[in-house]
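Chain by chain, the residues run as shown.
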Amino acid sequence: MIIPALVLGLLVGGLLGLTGAGGSILAVPALVYGVGMPLPEAIPTSLVVVGAASAVAVLPRLRGGVNWRLAAVIGAPGIATAFLGSLVSARIEPRVLLGVFAVIMVVAGVRMFFPTKSVGGPCALPGGGTDWRHCLPRALATGAVVGFLTGLLGVGGGFLIVPALTLVLGLPMALTVGTSLVIIVINSAAGFLAHVGAVQLDWAVVGVFAAAAMAASFVAGRLARGLSDVVLKRGFAVLVLLVAAYVATRAIIG
């Protein structure tokens, strides 16, 4: 299990560092099908990996690359709804849960083919500043939905946060990736705490997977500055759709 965890950790961390999203949605199927972990153990393990890799990936963006106030506003409601998601997750058959996961991966993959251009919005006005009267309800709703999915499926939610920040809240792409990573850290921590008491984790595998993901996310975060955003997103979209097809097939045949 150690070698697959090392290789897949590099892949997940690299994708997370490059796009600010996406690595997390591959972590659960990587742990279940690549490492051979049961789903109840894979969910909290993925949250450790995703949270640690996101914390490292945000380091190159600390100066001017994070909207800290908005990250806190979105992350706060997600803490409560992550616990709710974990309660629901424990009552759903793993095969059904993986089917839901595959559907969400398809939606995320298709969305990645379309550009997410910032046009200004209530949380990032074209002239600067924030219209909190209109921004706050949207930000809280976004945080609640993403937090629930974090607890339910063991994903950091970046594949939902990135389009929400750019299209719904109007945040410029320069701030979107870093802000998304901070929110993923908050959601992953809450989701892990909600799940950790119910399963016994293999900390050797967790450590190898997380260390590989952290190293890859840091390097990828630096490399991402010189790469085309369109190429990265479309390449990632193809990968997500392929994995979604595999997860759906395995869920159907058991």
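An account of the accompanying structure is given in this report. (Residues numbered from 1 in each chain as written. Predicted model: local features only at pLDDT ≥ 70, side-chain atom pairs only at ≥ 80, totals over all residues. Heavy atoms only, no water.)

As for the overall build of the protein chain
Going by this rule: Each helix is a run of H or I in the DSSP string that is no shorter than four residues. Each strand is a run of E no shorter than two, and both are numbered from the N terminus. Residue contacts are defined here by distance: any two heavy atoms, one from each residue, within 4.5 Å place the two residues in contact. Computed with a 1.4 Å probe, the accessible areas rest on the Shrake-Rupley method; for each residue, only the protein chains presented here act as cover. Note on charges: Lys and Arg go in the positive column, Asp and Glu in the negative column, and His and the chain ends are not counted at all. Note on charges: their place is set at NZ of Lys, CZ of Arg, CG of Asp or CD of Glu.
Helices and strands together make up the secondary structure of the protein chain, namely 10 helices and 0 strands. With the principal axes as the frame, the protein chain shows a C-alpha extent of 50 × 35 × 30 Å. Across the protein chain, contacts joining residues at least 24 apart in sequence account for 84% of those joining residues at least 6 apart. Within the structure as shown, the protein chain displays about 10600 Å² of accessible surface, and the carbon and sulfur contribution to it stands at 72%. Taking the 14 positively charged and 5 negatively charged side chains of the protein chain as two groups, their mean positions are separated by 12 Å.

A short note on the state of the cysteines
The test is simple: A pair of sulfur atoms, both from cysteines and within 2.5 Å, is called a disulfide here. Each residue is assigned to one of three classes by its accessible area relative to the maximum for its type, calculated with a 1.4 Å probe on protein chains only: buried under 20%, partly exposed between the two thresholds, exposed over 50%.
One pass over the structure, following the stated rule, counts 1 disulfide. With its sulfur 1.8 Å from that of its partner, Cys123 forms a disulfide with Cys135. On the sign convention where negative is left-handed, the bridge of Cys123 and Cys135, at about 100° about the S-S bond, is right-handed. With Cys123 in the loop between helix H5 (94-111) and helix H6 (132-153) and Cys135 in helix H6, this residue pair connects regions lying 12 residues apart in the sequence. Taking relative accessible area as the criterion, Cys123 reaches 3% and is therefore assigned buried.

Regarding the environment of Ala144
Relative to the assigned elements, Ala144 resides in helix H6. For Ala144, a relative accessible area of 24% gives the class partly exposed. Considered as a pair, Ala144 and Thr81 are 63 residues apart in the sequence and their alpha carbons are 5.8 Å apart. Leave out the neighbours within four places in its chain, and Ala144 touches Pro77, Gly78 and Thr81.

Points about the layout of surface pockets
Our working rule: The method works on a 1 Å grid over the protein atoms by themselves. A cavity is a set of points holding a 1.4 Å probe that cannot get out, a pocket is an open set with protein on both sides within 12 Å along at least five of seven lines, and residues with an atom within 4 Å of a point line them. Grid points are joined across faces, edges and corners, and a volume is the space filled by probe spheres set on the points. Classification convention: Asp, Glu, Lys, Arg as charged; Ala, Val, Leu, Ile, Met, Phe, Trp, Tyr, Cys, Pro as nonpolar; all other residues, Gly among them, as polar.
Empty space within the second largest pocket amounts to approximately 210 Å³. In terms of lining, the second largest pocket is formed by 14 residues, of which the most central are Pro40, Ser86, Ser89, Ala90 and His195. Of the residues that constitute the lining of the second largest pocket, the class distribution is 11 nonpolar, 3 polar and no charged.

Thoughts on the nonpolar core
Rules: Throughout this description, the term nonpolar core refers to a set of buried Ala, Val, Leu, Ile, Met, Phe, Trp, Tyr and Cys residues connected via side-chain atoms within 4.5 Å.
Grouped together as the largest cluster of nonpolar side chains are 68 residues, with contacts concentrated most on Ile25, Leu70, Leu153 and Phe209. Not counting the four nearest positions on each side in its chain, Phe209 is found in contact with Ala5, Leu8, Gly9, Val12, Leu31, Val35 and Val49.

Remarks on the packing of helix H3 (residues 39-57) against helix H8 (residues 173-195)
Selection rule: Geometry is summarised by axes, namely lines fitted to C-alpha atoms with helices restricted to the contacting stretch, and by angles between N-to-C directions that run from 0 to 180 degrees. The cut-offs work like this: below 35 degrees is roughly parallel, past 145 is roughly antiparallel, 65 to 115 is roughly perpendicular, and the gaps in between are oblique. A crossing counts as left-handed when the near helix is turned anticlockwise from the far one by less than a right angle, and as right-handed when that turn is clockwise.
At a minimum axis distance of 8 Å, the contact between H3 and H8 shows a crossing angle of 155°. Looking at the two axes, H3 sits roughly antiparallel to H8. Seen along the crossing, H3 lies across H8 with a hand that is left-handed. Along its contact with H3, which presents Ile43, Pro44, Leu47, Val48, Val50, Gly51, Ser54, Ala55 and Ala57, the element H8 presents Leu181, Ile184, Val185, Ser188, Gly191, Phe192 and His195. Of the residues assigned to the contact of H3 with H8, the class counts are 11 nonpolar, 5 polar and no charged.

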